[in-house]
Amino acid sequence: MKALQLDIHGRPTITDVPLPDPGKNEILLRVTHCAICRTDARMSLTGHRDLCLPRIPGHEICGLEERTGSPFVVWPGQVC
């Protein structure tokens, strides 16, 4: 699948990454929309003590469950 990935600070690239294999009690979503928050943007430009590269930013996601097509919204439940 295609993903926006940070390899070095300030240099995002579009890359191919393997399709994840959902574990027990998990589902696979086909992402339709993803937000990049200001923390993601700032980390990509200036770094962050918790930033490990390479990294795929974005954690506010809308998507469709791969098997059924059911819509989902993923919200991390905490502020960035």
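It should be emphasised that the depicted structure is a prediction, and the values quoted were computed from it without experimental measurement.

What counts, and at which threshold
- Residues numbered from 1 in each chain as written.
- Predicted model: local features only at pLDDT ≥ 70, side-chain atom pairs only at ≥ 80, totals over all residues.
- Heavy atoms only, no water.
- Pairing = 2+ DSSP bridges.
- Helix = DSSP H or I, 4+ residues; strand = E, 2+ residues; numbered from the N terminus.
- Buried < 20%, exposed > 50% of the residue type's maximum accessible area, 1.4 Å probe, protein only.
- Arc of directions from axis to C-beta.
- Contact = heavy atoms within 4.5 Å.
- Patch = residues over 30% accessible without salt bridge, like charges linked within 9 Å, V, L, I, M, F, W, Y side chains within 5 Å.
- Areas by Shrake-Rupley, 256 points an atom, 1.4 Å probe, with all protein chains shown as cover.
- Salt bridge = Lys/Arg side-chain N within 4 Å of Asp/Glu carboxyl O.

Asks: Even after reading the chapter, I still don't get the pairing of strand β4 (residues 60-65), so can you show me in this structure?
Replies: Regular strands have side chains that alternate between both faces of the sheet. Relative to β4, strand β3 (residues 29-35) runs antiparallel, the two being bridged by six bridges. Within β4, the position partnered with L29 by the bridge is E65. Relative to strand β5 (residues 71-74), β4 runs antiparallel, the two sharing four bridges. What sits directly across from C62, in β5, is V73.

Asks: Would you take a moment to explain unusual backbone geometry for this structure?
Replies: Residues other than glycine predominantly adopt negative phi, and peptide bonds predominantly adopt the trans conformation. Look at the link from L53 to P54: it is a cis peptide, with omega at 0°. Mapped onto the secondary structure, P54 falls in the loop between α1 (38-46) and β4. The phi dihedral of N25 falls on the positive side, at around 65°, and the residue is not glycine. With respect to the helices and strands, the residue N25 is situated in the loop between β2 (11-16) and β3. On the accessibility criterion, N25 (77% relative accessible area) is exposed.

Asks: Before we go on, may I ask you to explain α1 in this structure?
Replies: Those residues of α1 that fall on the buried side of the exposure criterion are T39, D40, M43 and S44. Projected down its long axis, α1 carries its buried residues within an arc of 135°, all on one side. For α1, the exposed residues set more than 90 degrees away from the buried face come down to R38, L45 and T46. Tucked inside the fold, the buried residues of α1 contact β1 (2-8) and β3. Phi turns positive one or two residues past the end of α1, at G47, with a value near 85°.

Asks: I'm lost on a nonpolar patch on the surface in this one. Help?
Replies: There is a patch of nonpolar side chains on the surface, built from L4, I14 and I36 and spanning about 280 Å² of accessible area. Here I14 lies in strand β2.

Asks: Quick question: what am I supposed to make of the pattern of salt bridges here?
Replies: Opposite charge on two side chains permits them to pair, given that their charged atoms come into close proximity. Applying the stated criterion across every chain, the model contains four salt bridges. Between D50 and R49 there is a salt bridge, with the nearest N and O atoms lying 2.7 Å from each other. You can call D50 partly exposed: its relative accessible area is 47%. One salt bridge in this structure joins R67 and E65, with 3.7 Å as the shortest N-O distance.

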